[in-house]
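The lines below spell out each chain.
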Amino acid sequence: MSQPVSSTRRRILLISDIHYASDLERARGDYETRTVSQPLLRYFLKMYRRLIWRRDPFAMNGLLDTFIDAESSADLCLGLGDYSCDSAFIGVADYAAFQSARLCLSQLRGQHGSRFVGIIGDHDLGKKSMFGGVGGMDLASYDRCLSELRLSSLFYRSLGRVHLIGMNSSLITLPSFEADCDPDQLSSWYALREAHLEDLQACIQKIPEGDRLLFFLHDPSALPFLSAFPWIRRCFSRLDGTWVGHLHAPCIFELSHYLSGMPVIDCMGTAVHKMSQALHARHLWKPFKVHLVPAPGGIERCPQGGYGELWVDPEGLQAPVYSIKSLTD
Ligand SMILES: [Fe+2]
Ligand SMILES: [Fe+2]
């Protein structure tokens, strides 16, 4: 049944996991499997990338062009992170990945101007390679995200009686990302996390009690950590949805539902540990009313990707209406 349409509704575009590839990143070729020395693991990783995740991680630039051509007018365009391929695994501290993110963001800002706002994804900060253990979160990437790339760690926008809050999922999830951090940087990361949570709490507490909330973050693994805070749990009754990226395709989002509660796996490296820990606590996502913003091209196994279109009633009287728009039809 279609909902009555308010003429004052605001239209918000959501785009995530563009993983744009600059020439410098593309020149690296098969950057990931070469980090794995064990032949069987290397073969497994190659097959996983080829058959399930993404055969050519550098081949997604054209979908950003399609998005830019398709969408020129919206009240807001929100980027949910992962703007580069992170082929050195240290985020945008790597010059090649920085070039990718810069090119990606300049196109989005060229089309949407100040109506574009980008929050930060895990690959923007750096992430250990799967099985290779190379790289990790780098404070220089965090600084570069905020300064040169003008991304937001915390984003707040009021649309009348509906309040949009974007947050930094990597900082919130830090206790499970410790193995991704250089031990010398860990205390600085925790200080950033403390400050982020304080700012987030202060932001939420300023919002009038009866108003509606919408949350945006990159990685849903942060949700169980957020739900530990009473000031977040008090939001649930007026939270109309949480939009996340990171999972790249609706089929992965559905799979996460079926794997909810799985045991935490400690013996297969950082990536598997983090993934299994997130799925172990998957049931705690429920009160956040989570929606996925897929990668523009989805994944190899289920290429149903695209971007999100969100209609918001500024009076907060009608529930927001969300749909995924394909870029490949
Ligand atoms: Fe991603
Ligand atoms: Fe991600």
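The structure we're discussing is the one just above.
The rules behind each value
Residues numbered from 1 in each chain as written. Chains lettered and ligands numbered in written order. Predicted model: local features only at pLDDT ≥ 70, side-chain atom pairs only at ≥ 80, totals over all residues. Helix = DSSP H or I, 4+ residues; strand = E, 2+ residues; numbered from the N terminus. Buried ≥ 20, exposed ≤ 12 C-beta atoms within 10 Å, placed from the backbone. Core = buried A, V, L, I, M, F, W, Y, C linked by C-beta atoms within 7 Å. Pairing = 2+ DSSP bridges. Axes fitted to C-alpha atoms, helices over the stretch in contact; angles between N-to-C directions. Contact = placed C-beta atoms within 7 Å.

**Student:** Explain unusual backbone geometry residue by residue, including any values.
**Tutor:** In this structure, Asp 17 is a non-glycine residue whose phi angle is positive, near 50 degrees. Looking at the secondary structure, you find Asp 17 in the loop between strand S1 (10-15) and helix H1 (23-26). Judged by local crowding, Asp 17 falls into the buried class, with 26 C-beta atoms found within 10 Å. One non-glycine residue with positive phi stands out, namely Arg 150, at about 55 degrees. With respect to the secondary-structure elements, Arg 150 resides in the loop between helix H6 (139-146) and strand S4 (155-159).

**Student:** Which residues make up the nonpolar core, and what are the values?
**Tutor:** Counting 75 residues, the largest nonpolar core has Leu 14, Ile 15, Leu 78, Ala 101, Cys 104, Phe 216 and Val 293 as the members making the most contacts within it. Sorting elements by how many residues they give to this core places helix H4 (residues 95-112) first, with 7 residues.

**Student:** I'd love a proper account of the sheet that holds strand S7 (residues 239-244), names of residues and values included.
**Tutor:** The mixed open sheet is built from 5 strands, whose spatial order is S4-S5-S6-S7-S8. Edge positions in the sheet fall to S4 and strand S8 (290-292), since each of these pairs with one other strand and no more. With strand direction ignored, the average angle separating the axes of adjacent strands in the sheet is 20 degrees. Where strand S5 (residues 162-166) meets strand S6 (residues 212-217), 5 bridges bridge the pair, whose relative direction is parallel. By the bridge assignment for S6, Val 162 is matched with Arg 212.

**Student:** Got a sec to walk through the pairing of strand S2 (residues 76-79)? Specific residues and values, please.
**Tutor:** As defined by bridge partners, S1 adjoins S2 across 4 bridges and the pair is classed as parallel. By the bridge assignment for S2, Ile 15 is matched with Gly 79. Direction of pairing for S2 relative to strand S3 (residues 116-118): parallel, over a ladder of 3 bridges. The residue bridging Gly 79 from the neighbouring strand is Gly 118, located in S3.

**Student:** Can you explain the sheet that holds S2? Please cite residues and give values.
**Tutor:** What the 5 strands build is an open sheet, ordered S3-S2-S1-S9-S10; its pairing is mixed. The open sheet has two edge strands with one neighbour each: S3 and strand S10 (321-325). Going across the sheet, the axis of each strand differs from the next one's by a mean of 20 degrees, ignoring polarity. Relative to strand S9 (residues 307-312), S1 is paired through 5 bridges, and the arrangement is antiparallel. Among the inter-strand pairings, Arg 11 is bridged to a residue of S9, identified as Trp 311. Seen against the sheet, H4 touches S2 and S3 and runs at an angle of roughly 150 degrees to S3.

**Student:** If you had to explain the environment of Ser 158 to someone new, which residues and values would you point to?
**Tutor:** Position of Ser 158 relative to the elements: it lies in strand S4. In this structure Ser 158 comes out as partly exposed when scored by C-beta crowding, with 14 C-beta atoms within 10 Å. Counting along the chain gives 156 residues from Ser 158 to Pro 314, while the straight-line C-alpha distance between them is 8.7 Å.

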